[in-house]
Amino acid sequence: MKAVLCLEPGRLEVVDRPPAEDVPDGWVRLSVSHVGICGTDYHIFAGKHPFLEYPRVMGHEISATVISGGRGTEVAPGTLVVVNPYLSCGNCVACRKGKPNCCTAIKVLGVHTDGAFCEEIIVPEGNLYPAHGLSAEAAATVEFLAIGAHAVRRASTDAGSRALVIGAGPIGLGTAIFSRIAGHQVTLVDTSDERLDFAAQKLGFANGIVAGTHMGSRIAEATGGDGFDVVFDATGYSGSMQAAFAYVAHGGTLVFVSVVKDEICFSDPEFHKREMTLVGSRNATRQDFDHVVASIASGLVPVEALITHRTTLEGAVADLPRWAEEKSGLVKAIVKVAAA
């Protein structure tokens, strides 16, 4: 089968490699249809991922069609599925609590093990979810949208609440969309006028604030001095995450959607006087994937607007490096793998 291999930072190549010969019990062989390109993939290409071993087949935002199953599986050949790329152990403290998304031994396809920039993969049947009512291309957006859906669910904030989403990249936009679906009044913050204009014109988010000086007064003006009931930070920038504490209303919630290697510091008196809730959000679970599938199928998610760039498996060798540098207009790029 053909695969795009990242041999080392800055070097992609289309290679021929054999597919897995045997499908273990409980696993399923899949024909990959479409794969989204994630920020993680750009980081892997650039050599910025701290725990990655090269060479690596990237790709973890996956839609695929079932070819066959190992012993004990029930999914029918020909079924279009969304792949949950988080391979959990099933035995650790998190898995025993029903939180495989933060498994202590988690392996992510395309990061810790080879992913789906290739024609066939095998995965556990439990990681496959039916793509009811979705096109194969739309199904490849489910994983990245599930990150935001999970963050919104973790916030446990009532409909009608005022929500601030900091960072209008793909994860931030997904968070904003599912915050809106939850009934929140959403305001976006980003450093880029272009991204805020895109969010307003293509996604319907009219309330946007350009990050910069006087943020405190801009937040106060937008909320009548109260602050936001829930703040989601999806920037992956420690300075933004630390500043976000000041934007939360008394009794409100701050959700860190992105993760950084830095230490995060905050004023304990400011934190305590608000009786603020601080929430970490990692990956997503079956519940979030299903919510995203249903929301796309019902027309609540403007997938066509989110997919701004398209390529093929062979084309990704040139396109991914270019898109890693040329970010203007880029939200989500999709690789079409299947020939049909």
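In what follows, the accompanying structure is described. Within every chain, residues take consecutive numbers counted from 1 along the sequence as written. With the structure being a predicted model, the display of local features is reserved for residues of pLDDT at least 70 and the display and counting of side-chain atom pairs for 80 or more, all residues being used for whole-chain, interface and lining totals. To get the side-chain values, take all heavy atoms of the structure and skip hydrogens and water.

## Some points on the environment of P85
Then, number 1: Each helix is a run of DSSP H or I of at least 4 residues and each strand a run of E of at least 2, with the numbering of both proceeding from the N terminus. With respect to the secondary-structure elements, P85 resides in the loop between β5 (80-83) and β6 (86-87).
Then, number 2: For this analysis, residues touch if any pair of their heavy atoms sits within 4.5 Å. Those residues in contact with P85, other than ones at most four positions away along the chain, are H60, K107, V108, L109, E143 and F289.

## Some remarks on the nonpolar core
Then, number 1: Among the nonpolar cores identified, the biggest contains 94 residues, and L30, F117, L188, F232 and I296 are the most heavily contacted of them.
Then, number 2: Looking at which element gives the most residues to this core, the answer is helix α4 (residues 142-155), with 9 residues.
Then, number 3: Sequence-distant contacts of F117, that is, excluding residues within four places in its chain, are made with A3, V4, V35, G36, I37, D41, V57, M58, G59, L313, L320 and V335.
Then, number 4: By nonpolar core we mean a set of buried residues, namely Ala, Val, Leu, Ile, Met, Phe, Trp, Tyr and Cys, connected to one another through side-chain atoms within 4.5 Å. Relative accessibility under 20% of the residue-type maximum defines a buried residue, over 50% an exposed one, and the middle range a partly exposed one, all with a 1.4 Å probe and only protein chains included. Ranked by size, the runner-up nonpolar core spans 18 residues in total, among them L164, A244, Y247 and F256.

## Some thoughts on the side chain of H60
Then, number 1: Note on placement: H60 falls in the loop between α1 (39-46) and β4 (61-69).
Then, number 2: On the basis of relative accessibility, which here comes to 5%, the residue H60 falls in the buried class.
Then, number 3: Once residues within four sequence positions are removed from consideration, H60 is found in contact with V35, C38, T40, D41, P85, V108, L109 and E143.

## Brief notes about the pairing of strand β11 (residues 185-190)
Then, number 1: Most of β11 sits inside the fold, with 5 of its 6 residues counted as buried.
Then, number 2: If DSSP finds at least two bridges between two strands, the strands pair. Bridge analysis of strand β10 (residues 162-166) against β11 gives 5 bridges, and the strand direction is parallel. Across the sheet, the residue bridging to I166 is V189, located in β11.
Then, number 3: Crossovers are described as right-handed under a simple rule: with the strands pointing away from the observer, the path leading from the first strand over the helix to the second runs clockwise. Handedness of the crossover joining β10 and β11 through helix α5 (residues 170-181): right-handed.
Then, number 4: This β-α-β element, β11 to helix α6 (residues 193-203) to strand β12 (residues 208-210), shows right-handed connectivity.

## Some remarks on the packing of α4 against α5
Each packed pair of helices is defined by two parameters, the angle between the axes and the distance between the axes.
Then, number 1: Under this scheme, a helix contributes an axis fitted over its contacting stretch, all axes are lines through C-alpha atoms, and angles between N-to-C directions fall in the 0 to 180 degree range. One way to put it is that α4 packs onto α5 with a least axis distance of 7 Å and a crossing angle of 50 degrees. Our classification of the angle between α4 and α5 gives oblique. At the point where α4 passes α5, the crossing takes the right-handed sense. Contacts between α4 and α5 involve F144, L145, I147, G148, A149 and V152 from the former and P170, I171, G174, T175, F178 and S179 from the latter. Here is the rule for angles: anything less than 35 degrees is roughly parallel, anything more than 145 is roughly antiparallel, 65 through 115 is roughly perpendicular, and the remaining ranges are oblique. Less than a right angle of anticlockwise turn of the near helix away from the far helix marks a crossing as left-handed, whereas a clockwise turn marks it as right-handed.

## Describing the environment of M58
Then, number 1: When you line up the elements, M58 lands in the loop between α1 and β4.
Then, number 2: The exposure class of M58 is buried, given its relative accessible area of 1%.
Then, number 3: Sequence-wise, M58 and L7 are 51 residues apart; in three dimensions their C-alpha atoms are separated by 11 Å.

## Concerning the pattern of salt bridges
Then, number 1: Salt bridge, as used here: a side-chain nitrogen of Lys or Arg that lies within 4 Å of a carboxyl oxygen of Asp or Glu. A complete count under the given rule lists 17 salt bridges for this structure.
Then, number 2: Note that R56 and D114 form a salt bridge whose closest N and O atoms lie 2.8 Å from each other. Here D114 lies in the loop between β7 (107-108) and β8 (120-124) and R56 lies in the loop between α1 and β4, a separation of 58 residues in the sequence.
Then, number 3: You can call R56 buried: its relative accessible area is 10%.
Then, number 4: On the basis of relative accessibility, which here comes to 26%, the residue D114 falls in the partly exposed class.
Then, number 5: Note that R274 is salt-bridged to E270, the shortest N-O span being 2.7 Å.
Then, number 6: Residue classification places E270 among the partly exposed positions, given a relative accessible area of 35%.
Then, number 7: Connected through salt bridges with shared partners, the residues R17, R56 and D114 form a single ionic network.

## Thoughts on the packing of aromatic side chains
Then, number 1: Two rings from Phe, Tyr or Trp (for Trp, the six-membered ring) form a pair when their centres are within 6.5 Å of each other. A pair whose planes differ by under 30 degrees is stacked, one over 60 is edge-to-face, and the rest are tilted. Scanning the entire structure with this criterion turns up 6 aromatic pairs.
Then, number 2: Counting every residue linked through ring pairs, the aromatic cluster contains F245, F256, F266 and F271.
Then, number 3: If you follow R180 out to its NZ or CZ, it ends over the ring of F205, 4.0 Å from the centre.
Then, number 4: One residue, K327, lies across the ring of Y42, its end atom 3.9 Å from the ring centre. Criterion for a charge above a ring: Lys NZ or Arg CZ within 6 Å of the ring centre, and within 35 degrees of the ring normal.

## Description of α5
Then, number 1: Each residue after the first adds 1.5 Å to the expected span of a helix. Here α5 is 12 residues long and its end C-alpha atoms lie 17 Å apart, about the 16 Å a rise of 1.5 Å per residue gives.
Then, number 2: Inspection of α5 places G172, L173, G174, T175, A176, I177, F178 and S179 among the buried residues, and these make up the whole buried set.
Then, number 3: Positioned one or two residues after α5, G183 has a phi angle of 95 degrees, which is positive.

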